[in-house]
Amino acid sequence: MKAFTYTLIILAISLFAFACSKPNTETITHNGPAASPSPAASMPDEFAATRAIFKKNCSECHGEDATGGTKTVDGKKLKVPSLRAGHALGHFDEDFIKQITKGGDGMPAFKDKLTPEQINELVHLIRHEFQGK
Ligand code: HEC
(Lines give C-alpha, C1' and ligand atoms only; values in the text may rest on other atoms or scores of the structure.)
Protein backbone atom coordinates (compact mmCIF):
# COMPACT_ATOMS: atom_id res chain seq x y z
CA MET A 1 0.00 0.00 0.00
CA LYS A 2 2.90 2.30 0.88
CA ALA A 3 4.50 1.66 -2.48
CA PHE A 4 1.27 2.60 -4.19
CA THR A 5 1.14 5.91 -2.31
CA TYR A 6 4.72 6.66 -3.38
CA THR A 7 3.86 5.84 -6.94
CA LEU A 8 0.91 8.20 -6.73
CA ILE A 9 3.08 10.94 -5.28
CA ILE A 10 5.75 10.47 -7.93
CA LEU A 11 3.07 10.41 -10.61
CA ALA A 12 1.58 13.60 -9.21
CA ILE A 13 4.99 15.26 -9.12
CA SER A 14 5.87 14.26 -12.65
CA LEU A 15 2.45 15.35 -13.89
CA PHE A 16 2.98 18.63 -12.14
CA ALA A 17 6.45 18.95 -13.60
CA PHE A 18 5.12 18.09 -17.03
CA ALA A 19 2.33 20.63 -16.73
CA CYS A 20 4.84 23.22 -15.63
CA SER A 21 7.37 22.38 -18.26
CA LYS A 22 4.91 23.04 -21.02
CA PRO A 23 4.59 26.79 -20.61
CA ASN A 24 8.32 26.80 -20.02
CA THR A 25 9.07 25.23 -23.35
CA GLU A 26 6.76 27.71 -24.93
CA THR A 27 8.58 30.58 -23.32
CA ILE A 28 11.83 29.19 -24.69
CA THR A 29 10.43 28.92 -28.20
CA HIS A 30 9.10 32.42 -27.89
CA ASN A 31 12.45 33.63 -26.75
CA GLY A 32 14.17 31.74 -29.53
CA PRO A 33 13.80 34.26 -32.34
CA ALA A 34 14.14 37.13 -29.89
CA ALA A 35 17.26 35.62 -28.39
CA SER A 36 19.07 35.05 -31.67
CA PRO A 37 19.41 38.73 -32.62
CA SER A 38 20.54 39.38 -29.06
CA PRO A 39 24.26 38.97 -29.82
CA ALA A 40 23.72 41.62 -32.47
CA ALA A 41 21.57 43.55 -30.07
CA SER A 42 24.44 43.55 -27.61
CA MET A 43 26.58 45.32 -30.23
CA PRO A 44 24.62 48.54 -30.06
CA ASP A 45 25.47 48.58 -26.36
CA GLU A 46 29.12 47.88 -26.95
CA PHE A 47 29.29 50.62 -29.57
CA ALA A 48 26.51 52.85 -28.31
CA ALA A 49 28.77 55.65 -27.12
CA THR A 50 30.95 55.47 -30.22
CA ARG A 51 27.94 55.39 -32.52
CA ALA A 52 26.73 58.56 -30.85
CA ILE A 53 30.13 60.14 -31.48
CA PHE A 54 29.97 59.09 -35.11
CA LYS A 55 26.46 60.45 -35.47
CA LYS A 56 27.44 63.75 -33.91
CA ASN A 57 30.84 64.30 -35.56
CA CYS A 58 30.99 62.24 -38.70
CA SER A 59 27.56 61.48 -40.11
CA GLU A 60 27.07 64.99 -41.47
CA CYS A 61 29.62 64.14 -44.15
CA HIS A 62 29.92 60.39 -44.12
CA GLY A 63 26.24 59.65 -43.53
CA GLU A 64 24.91 57.59 -40.66
CA ASP A 65 25.40 54.47 -42.72
CA ALA A 66 28.88 55.64 -43.80
CA THR A 67 28.11 55.46 -47.51
CA GLY A 68 29.42 58.98 -48.05
CA GLY A 69 28.55 60.74 -51.27
CA THR A 70 28.67 64.33 -52.38
CA LYS A 71 27.81 66.61 -49.50
CA THR A 72 27.60 70.35 -49.25
CA VAL A 73 29.17 71.36 -45.97
CA ASP A 74 29.53 75.02 -45.10
CA GLY A 75 28.72 75.91 -48.69
CA LYS A 76 31.52 73.71 -50.00
CA LYS A 77 30.91 70.67 -52.13
CA LEU A 78 32.71 67.67 -50.72
CA LYS A 79 33.17 64.26 -52.19
CA VAL A 80 33.06 62.00 -49.18
CA PRO A 81 34.27 58.45 -49.72
CA SER A 82 32.26 55.51 -48.50
CA LEU A 83 33.73 53.87 -45.44
CA ARG A 84 32.04 50.65 -46.48
CA ALA A 85 33.73 50.02 -49.79
CA GLY A 86 36.54 51.00 -52.08
CA HIS A 87 39.72 52.49 -50.63
CA ALA A 88 38.41 52.35 -47.08
CA LEU A 89 38.59 48.55 -47.17
CA GLY A 90 42.24 48.58 -48.14
CA HIS A 91 43.43 51.27 -45.74
CA PHE A 92 45.00 50.24 -42.47
CA ASP A 93 43.71 51.20 -39.06
CA GLU A 94 46.70 53.56 -38.75
CA ASP A 95 45.57 55.37 -41.91
CA PHE A 96 42.12 55.82 -40.45
CA ILE A 97 43.51 57.01 -37.14
CA LYS A 98 45.74 59.48 -38.96
CA GLN A 99 42.88 60.72 -41.14
CA ILE A 100 40.54 61.19 -38.18
CA THR A 101 43.23 62.74 -35.99
CA LYS A 102 44.70 65.12 -38.55
CA GLY A 103 41.92 65.38 -41.11
CA GLY A 104 42.76 66.56 -44.58
CA ASP A 105 41.26 66.82 -48.04
CA GLY A 106 38.08 68.35 -46.77
CA MET A 107 37.83 66.43 -43.54
CA PRO A 108 38.42 68.34 -40.32
CA ALA A 109 40.96 67.19 -37.73
CA PHE A 110 39.49 65.66 -34.61
CA LYS A 111 42.57 65.61 -32.42
CA ASP A 112 41.22 68.45 -30.26
CA LYS A 113 37.68 67.11 -30.17
CA LEU A 114 38.17 63.43 -29.53
CA THR A 115 40.53 61.42 -27.36
CA PRO A 116 42.84 58.83 -28.95
CA GLU A 117 40.63 56.17 -27.30
CA GLN A 118 37.53 57.60 -28.94
CA ILE A 119 39.30 57.70 -32.30
CA ASN A 120 40.37 54.10 -31.81
CA GLU A 121 36.81 53.10 -31.01
CA LEU A 122 35.61 54.91 -34.13
CA VAL A 123 37.97 52.79 -36.20
CA HIS A 124 36.57 49.68 -34.50
CA LEU A 125 33.06 50.88 -35.22
CA ILE A 126 33.88 51.47 -38.89
CA ARG A 127 35.51 48.05 -39.23
CA HIS A 128 32.80 46.26 -37.37
CA GLU A 129 29.59 47.98 -38.37
CA PHE A 130 30.34 49.25 -41.83
CA GLN A 131 32.84 46.71 -43.06
CA GLY A 132 31.69 43.66 -41.13
CA LYS A 133 35.20 42.82 -40.00
C1 HEC B 1 33.38 67.92 -43.19
C2 HEC B 1 33.12 66.56 -43.67
C3 HEC B 1 33.69 65.40 -42.88
C4 HEC B 1 33.53 65.11 -41.56
C5 HEC B 1 32.77 65.90 -40.50
C6 HEC B 1 34.24 63.85 -41.34
N7 HEC B 1 34.79 63.41 -42.50
FE8 HEC B 1 35.89 61.73 -42.73
N9 HEC B 1 36.32 62.26 -44.63
C10 HEC B 1 35.80 63.36 -45.29
C11 HEC B 1 36.40 63.44 -46.61
C12 HEC B 1 36.09 64.50 -47.65
C13 HEC B 1 37.28 62.35 -46.71
C14 HEC B 1 38.18 62.02 -47.89
C15 HEC B 1 39.53 62.62 -47.65
C16 HEC B 1 40.49 62.23 -48.75
O17 HEC B 1 40.09 62.27 -49.90
O18 HEC B 1 41.61 61.88 -48.40
C19 HEC B 1 37.21 61.63 -45.45
C20 HEC B 1 37.93 60.48 -45.18
C21 HEC B 1 37.77 59.72 -44.04
C22 HEC B 1 38.40 58.46 -43.78
C23 HEC B 1 39.39 57.75 -44.71
C24 HEC B 1 38.62 56.85 -45.64
C25 HEC B 1 39.50 55.99 -46.48
O26 HEC B 1 39.10 55.70 -47.61
O27 HEC B 1 40.57 55.58 -46.04
C28 HEC B 1 37.97 58.01 -42.59
C29 HEC B 1 38.33 56.72 -41.90
C30 HEC B 1 37.08 59.01 -42.07
N31 HEC B 1 36.96 60.03 -42.97
C32 HEC B 1 36.41 58.91 -40.87
C33 HEC B 1 35.74 59.97 -40.30
C34 HEC B 1 35.26 59.95 -38.93
C35 HEC B 1 35.39 58.79 -37.98
C36 HEC B 1 34.69 61.16 -38.71
C37 HEC B 1 34.10 61.69 -37.42
C38 HEC B 1 34.95 61.71 -36.26
C39 HEC B 1 34.78 61.92 -39.94
N40 HEC B 1 35.43 61.17 -40.88
C41 HEC B 1 34.27 63.19 -40.11
C42 HEC B 1 34.89 64.24 -44.78
C43 HEC B 1 34.49 64.33 -43.47
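Residues numbered from 1 in each chain as written. Predicted model: local features only at pLDDT ≥ 70, side-chain atom pairs only at ≥ 80, totals over all residues. Heavy atoms only, no water.

What to know about the overall build of the chain
Then comes step 1: Within the chain one finds six helices and two strands.
Then comes step 2: A buried classification covers 23% of the 133 residues belonging to the chain.
Then comes step 3: Expressed as a percentage of contacts within the chain between residues at least 6 apart in sequence, the contacts between residues at least 24 apart total 44%.
Then comes step 4: Surface accessibility of the chain: about 9,600 Å² in total, with carbon and sulfur atoms responsible for 63%. (Helix = DSSP H or I, 4+ residues; strand = E, 2+ residues; numbered from the N terminus. Buried < 20%, exposed > 50% of the residue type's maximum accessible area, 1.4 Å probe, protein only. Contact = heavy atoms within 4.5 Å. Areas by Shrake-Rupley, 256 points an atom, 1.4 Å probe, with all protein chains shown as cover.)

Section: the pairing of strand β1 (residues 69-73)
Then comes step 1: When β1 meets strand β2 (residues 76-80), the two strands line up antiparallel, connected through five bridges. Note that in β2 the partner of K71 across the bridge is L78.
Then comes step 2: Taking the residues that link successive antiparallel strands as the turn, the β1-β2 hairpin has two residues, and the phi of D74 there is positive, at about 50 degrees. (Pairing = 2+ DSSP bridges.)

What about the coordination of the iron atom of the ligand?
Then comes step 1: The coordination sphere of the iron atom of the ligand contains the protein donors H62 (NE2) and M107 (SD), at a distance range of 1.9 to 2.1 Å.
Then comes step 2: For the iron atom of the ligand, the six donor atoms in the first shell make angles of 85 to 179 degrees at the metal, so the coordination geometry reads as octahedral. Of the two residues, H62 sits in helix α3 (residues 59-62) while M107 sits in the loop between α5 (93-102) and α6 (116-130), which places them 45 residues apart along the sequence. (Donors = N, O, S within 2.8 Å, 3.2 Å for Na, K, Ca; no water. Tetrahedral: all angles 85-135°; square planar, octahedral: opposite > 155°, others 65-115°.)

Remarks on the confidence of the model for the chain
Then comes step 1: Per-residue confidence for the chain averages 81 on the pLDDT scale, and 67% of its residues sit at or above 70.
Then comes step 2: Averaged over each element, pLDDT in the chain is lowest for helix α1 (residues 2-35) (51) and highest for α5 (98).
Then comes step 3: Residue range residues 20-38 is modelled with pLDDT below 50. Its contacts to residues more than four positions away, or to other chains, number zero contacts. (pLDDT = per-residue confidence, 0-100.)

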